[in-house]
Amino acid sequence: MVAALALLIGTLWSFPTFWYTASAAKGQFKWLAEQTQVEGWQYEDFGIAEAAEAILVGDRMVNGQFSTPDRRRSVQVFSAKRYEEKENEIGLFSHTPDRCWTIAGWQIEPAEPQTVECTVHGVSMRLERRVFIAGPQRHLVYFGALVGGEPLPYRLDQYLAANLKKTQATQSDEASTWLRLRETRLWGWAWDSFVNRTALAGPQQFLRISTPVVSGDFGSADKLLQEFLPLWLVPTDYEREAAEWRAAPKPPKQAAPGGDPAS
């Protein structure tokens, strides 16, 4: 009886190791580096405090804007990376724009399609596609992620349905908590991780790119984002980048409030 119980406990303890694929095979690990030099564009670093997703507390975070010299076109970019598992900290996928941008005062405008397939230097990614509005501003936003050296095989739409239902009375994150908890998709996110055998622990990279929609021209906005992704992101070696991060001096952690994601 004792032996059987010990076997059961051992099986349950080791099950995640066997079930979840921790990462891509060596030589196939996909990781993307952010560029600040793009021909024909000027880059401005916004700093992390200006990003609505600043609460993610990544090991490396990039937040800025590319603009043409005449300022007629602009692309906002955000990247957050975790090089190793962090205990007692929320995951990089816990605060997507569906949640963070609405907390910052933006509203989600229903739009189709809700996802878009993009290829970045041979890396095929299914990105969430959103339209956010605040007063006269309208932004087209793509976001997605890599985990364990592979594109996330399921959607990051766990907050979409709840935040589409937000009203002025439920604008704050606290007031909208029950909206999220009542949505089955919130709980379906964990199920997706299980059935796809993709653990959320380990190396993660969250990506977000957006641009203003001018005169309702979504076609041009979509084209710009899809063309700009491989200009901003290029393949890089994860092990080298992680080693450089581990060797670099670490600044003290600071709590950064969410700001205007399009500032």
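Scroll up for the structure.
Residues numbered from 1 in each chain as written. Predicted model: local features only at pLDDT ≥ 70, side-chain atom pairs only at ≥ 80, totals over all residues. Heavy atoms only, no water.

Enquirer: How should the overall build of the chain be read in this particular structure?
Expert: Helix and strand counts for the chain come out as seven helices and 11 strands. Taking all 263 residues of the chain together, 46% fall into the buried category. In the chain, the proportion of contacts linking residues at least 24 apart, taken out of those at least 6 apart, comes to 72%. Here the chain has roughly 13,800 Å² of accessible surface; of this, 57% comes from carbon and sulfur atoms. (Helix = DSSP H or I, 4+ residues; strand = E, 2+ residues; numbered from the N terminus. Buried < 20%, exposed > 50% of the residue type's maximum accessible area, 1.4 Å probe, protein only. Contact = heavy atoms within 4.5 Å. Areas by Shrake-Rupley, 256 points an atom, 1.4 Å probe, with all protein chains shown as cover.)

Enquirer: It is not clear to me how helix α6 (residues 218-232) should be interpreted in this structure. Could you clarify?
Expert: Since the α-helix packs 3.6 residues into each turn, any two residues three or four apart lie on the same face. Here α6 is 15 residues long and its end C-alpha atoms lie 21 Å apart, about the 21 Å a rise of 1.5 Å per residue gives. All buried positions along α6 are accounted for by Ala 221, Asp 222, Leu 224, Leu 225, Phe 228, Leu 229 and Trp 232. Axial view of α6: buried residues confined to an arc of 160 degrees, hence all on one face. Between the side-chain oxygen at the start of α6 and the backbone nitrogen of Gly 219 there is a gap of 3.4 Å, and the oxygen is on Asp 217. (Expected span 1.5 Å × (residues − 1). Arc of directions from axis to C-beta. Polar contact = N/O pair within 3.5 Å; in protein donor to acceptor, adjacent residues only side chain to side chain.)

Enquirer: Quick question: what am I supposed to make of the nonpolar core here?
Expert: Considering soluble globular proteins, one finds that nonpolar side chains tend to be buried as a cluster. Ranked by size, the top nonpolar core spans 26 residues in total, and within it Val 75, Tyr 142, Ile 209, Phe 228, Leu 229 and Trp 232 carry the most contacts. With six residues, the single largest contributor to this core is α6. Residues contacting Trp 232, with those up to four places away along its chain left out, are Ala 33, Glu 34, Gln 35, Phe 66, Val 77, Phe 78, Ser 79, Leu 207, Arg 208 and Ile 209. Judged by nonpolar contacts, the second largest core, of 22 residues, contains Leu 92, Phe 143, Leu 152 and Leu 156. (Core = buried A, V, L, I, M, F, W, Y, C linked by side-chain atoms within 4.5 Å.)

Enquirer: Explanation requested: helix α7 (residues 238-247) in the structure shown.
Expert: For α7, every residue scored as buried is listed here: Tyr 238, Glu 241, Ala 242 and Trp 245. Angular distribution of buried residues about the axis of α7 spans 95 degrees; they occupy a single face of the element. Turned more than 90 degrees away from the buried face of α7 sit Glu 239, Glu 244 and Ala 247, all of them exposed. Packed against the buried residues of α7 are β1 (32-34), β3 (60-67) and β4 (74-82). Where α7 starts, the residue carrying a side-chain oxygen 3.3 Å from the main-chain nitrogen of Glu 239 turns out to be Asp 237.

Enquirer: Just to check I follow, could you spell out the side chain of Glu 34 for this structure?
Expert: Inspection of the secondary structure puts Glu 34 in strand β1. Within polar-contact distance, the side chain of Glu 34 engages the side chain of Arg 60 at 3.2 Å. Setting aside residues up to four positions removed in sequence, Glu 34 forms contacts with Arg 60, Val 62, Ser 79, Lys 81, Gln 205, Trp 232 and Leu 233.

Enquirer: Teacher, can you tell me more about empty space enclosed by the protein here?
Expert: Taking a probe equal in size to a water molecule and rolling it over the atoms shows the remaining empty space. In this structure the tally under the stated criterion is two cavities of 30 Å³ or more. The space that makes up the largest cavity amounts to roughly 70 Å³. As for the largest cavity, its lining consists of Met 125, Arg 126, Glu 128, Phe 143, Gly 144, Ala 145, Pro 151, Leu 152, Tyr 154, Arg 155 and Leu 156. Mapped by element, the contributors of at least two residues to the lining of the largest cavity are β7 (123-134) and β8 (137-147). For the lining of the largest cavity, the per-class residue count stands at seven nonpolar, one polar and three charged. Every residue lining the second largest cavity is listed: Met 125, Leu 127, Tyr 142, Phe 143, Leu 207, Arg 208, Ile 209, Leu 229, Trp 232 and Leu 233. Those elements giving two or more residues to the lining of the second largest cavity turn out to be β7, β8, β10 (204-212) and α6. Looking at which element gives the most residues to the lining of the second largest cavity, the answer is β10, with three residues. (1 Å grid on protein atoms, 1.4 Å probe; cavity = no way out; pocket = protein on both sides within 12 Å on 5 of 7 lines; lining within 4 Å. Points joined across faces, edges and corners; volume = space filled by probe spheres on them. Nonpolar A, V, L, I, M, F, W, Y, C, P; charged D, E, K, R; others polar.)

Enquirer: How do you make sense of the pairing of β10 when you look at a structure like this?
Expert: Each regular strand displays side chains that alternate between the two surfaces of the sheet. Burial runs high along β10: eight of the nine residues are buried. With seven bridges joining them, β4 and β10 adopt antiparallel strand pairing. Across the sheet, the residue bridging to Arg 82 is Gln 204, located in β10. For β8 and β10, the ladder comprises nine bridges, and the chain directions are antiparallel. Following the sheet pairing, Leu 146 is matched in β10 by Gln 205. (Pairing = 2+ DSSP bridges.)

Enquirer: For this particular structure, what's the right way to read the pairing of strand β6 (residues 115-120)?
Expert: Covered by surrounding structure in β6 are Val 116, Cys 118 and Val 120 only, the residues Thr 115, Glu 117 and Thr 119 on the alternate face being uncovered. Bridge count for β6 against β7 is six bridges, and the pairing is antiparallel. If you follow Val 116 over to β7, its bridge partner there is Leu 127. Adjacent in sequence and paired antiparallel, β6 and β7 are bridged by two residues, among which His 121 carries a positive phi angle near 50 degrees.

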